[in-house]
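Chains, contacts and geometry: an overview
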Amino acid sequence: MINRLFISTVMLASLSLAACTQTPNAANNLAFSNNGKFVKIVDEDEVYHDKLAYDIQAAGISPKGQVNVWAEKLVNELVLQNDALRPDQPLLISTPVMTSNFNATNELALQLQQGLLAAFHAHEFNLVDLNVATNLRATEQGEFMLSRNWELLRADLPVSHVLVSTMTLTPEGIVFNGRVINVTNNRVLSAVQSFVAASSLSGYLQPSEMVESRNGLLYRHENKGDSRYTVLGDKL
């Protein structure tokens, strides 16, 4: 009887020792207990500890494309050239228009407008979004708050400063001119001019064809790319 009790005691001690010395399963290192032991969030295994730690440098920020970087560089110079606009004064970013037609724009200009707004906000300016509607529209396709219908937008925005800009397409790329205006007296507070080669905006610009239709007229060129670039998606 004593021998049986001694053997059982030895076996139990052996099992307990094995459970205590066994390395916790790394796949379960967030469990409340592993093999009868409480496992903390900060595991002694450095490999898995790194996986649980959040490093902002390693995580980084959202990825950016060519047009985003261009917008940031434009705003950097506008901030540098600024001589009167304070960060606490409301600023509105208008849509870039074509130099030859102030009522025309394109897909690149619309995207650049969004990038300019984000870049100004990164400099902690007081931005106003004109496209926020007065009411939320809930439809079967989704819930929408943005609009370009003037009837759905506020008409009393307290804005006295606006970024206006123009674009010109050339056979080499695109020319951009922008300026921050005080709309109460039309004074220019800051200005920027920029040229971007078409190769830097390959996802937005395309070279001209040998035969192209523009503004109702047919144009013939000796070689492809002899005329100005066009924005992808533009109706010629």
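Coordinates for the structure precede this section.
Let me begin by describing the structure that accompanies this report. This is a predicted model, so every value here is computed, not measured.

1. Structural notes on the nonpolar core
Within the largest apolar cluster, 32 residues are counted, with the highest numbers of intra-cluster contacts made by Trp-70 and Phe-120. Setting aside residues no more than four positions away along its own chain, Trp-70 makes contact with Leu-108, Leu-112, Met-167, Ile-174, Phe-176, Ser-194, Val-196 and Leu-201.

2. Some thoughts on the packing of helix H4 (residues 66-81) against helix H5 (residues 107-122)
Two numbers describe how H4 lies on H5: the axes approach to 8 Å, and their chain directions differ by 55°. The pairing of H4 with H5 is recorded here as oblique in orientation. Handedness of the H4/H5 crossing: right-handed. Each of Val-67, Trp-70, Ala-71, Glu-72, Leu-74, Val-75, Leu-78 and Val-79 in H4 lies in contact with H5, whose residues at this interface are Leu-108, Gln-111, Leu-112, Gly-115, Leu-116, Ala-119 and Phe-120. Of the residues belonging to the contact of H4 with H5, the class tally is 12 nonpolar, 2 polar and 1 charged.

3. Section: the pairing of strand S7 (residues 142-146)
Judged from the 4 bridges that link them, strand S6 (residues 132-139) and S7 form a sheet pairing that is antiparallel. The residue of S7 that forms the bridge with Ala-138 is Glu-143. Counted between consecutive antiparallel strands, the loop separating S6 from S7 contains 2 residues.

4. Considering the side chain of Asn-106
Relative to the elements of secondary structure, Asn-106 occurs in the loop between strand S4 (97-98) and H5. The class for Asn-106 is buried, based on a relative accessible area of 5%. A polar side-chain atom of Asn-106 sits 3.1 Å from the main-chain amide nitrogen of Leu-108.

5. Some words on the environment of Asp-156
The topology assignment puts Asp-156 in the loop between S7 and strand S8 (161-169). Here Asp-156 falls in the exposed class, since its relative accessible area comes to 53%. In this structure the side chain of Asp-156 is engaged in a polar contact, spanning 3.2 Å, whose partner is the side chain of Arg-154.

6. Comments concerning H4
If you check H4, its first and last C-alpha atoms are 23 Å apart, about what 16 residues at 1.5 Å a residue would give, namely 22 Å. Considered for burial, the residues of H4 that qualify are Val-67, Trp-70, Ala-71, Leu-74, Val-75 and Leu-78. Seen along its axis, H4 keeps its buried residues to an arc of 130°; they face one direction. Of the exposed residues in H4, the ones pointing more than 90 degrees away from its buried face are Lys-73 and Leu-80. For H4, the elements touching its buried residues are H5, S8, strand S9 (173-182) and strand S10 (187-197).

Calculation rules
Residues numbered from 1 in each chain as written. Predicted model: local features only at pLDDT ≥ 70, side-chain atom pairs only at ≥ 80, totals over all residues. Heavy atoms only, no water. Core = buried A, V, L, I, M, F, W, Y, C linked by side-chain atoms within 4.5 Å. Buried < 20%, exposed > 50% of the residue type's maximum accessible area, 1.4 Å probe, protein only. Contact = heavy atoms within 4.5 Å. Axes fitted to C-alpha atoms, helices over the stretch in contact; angles between N-to-C directions. Helix = DSSP H or I, 4+ residues; strand = E, 2+ residues; numbered from the N terminus. Parallel < 35°, antiparallel > 145°, perpendicular 65-115°, else oblique. Left-handed = near helix turned anticlockwise from the far one by under 90°. Nonpolar A, V, L, I, M, F, W, Y, C, P; charged D, E, K, R; others polar. Pairing = 2+ DSSP bridges. Polar contact = N/O pair within 3.5 Å; in protein donor to acceptor, adjacent residues only side chain to side chain. Expected span 1.5 Å × (residues − 1). Arc of directions from axis to C-beta.

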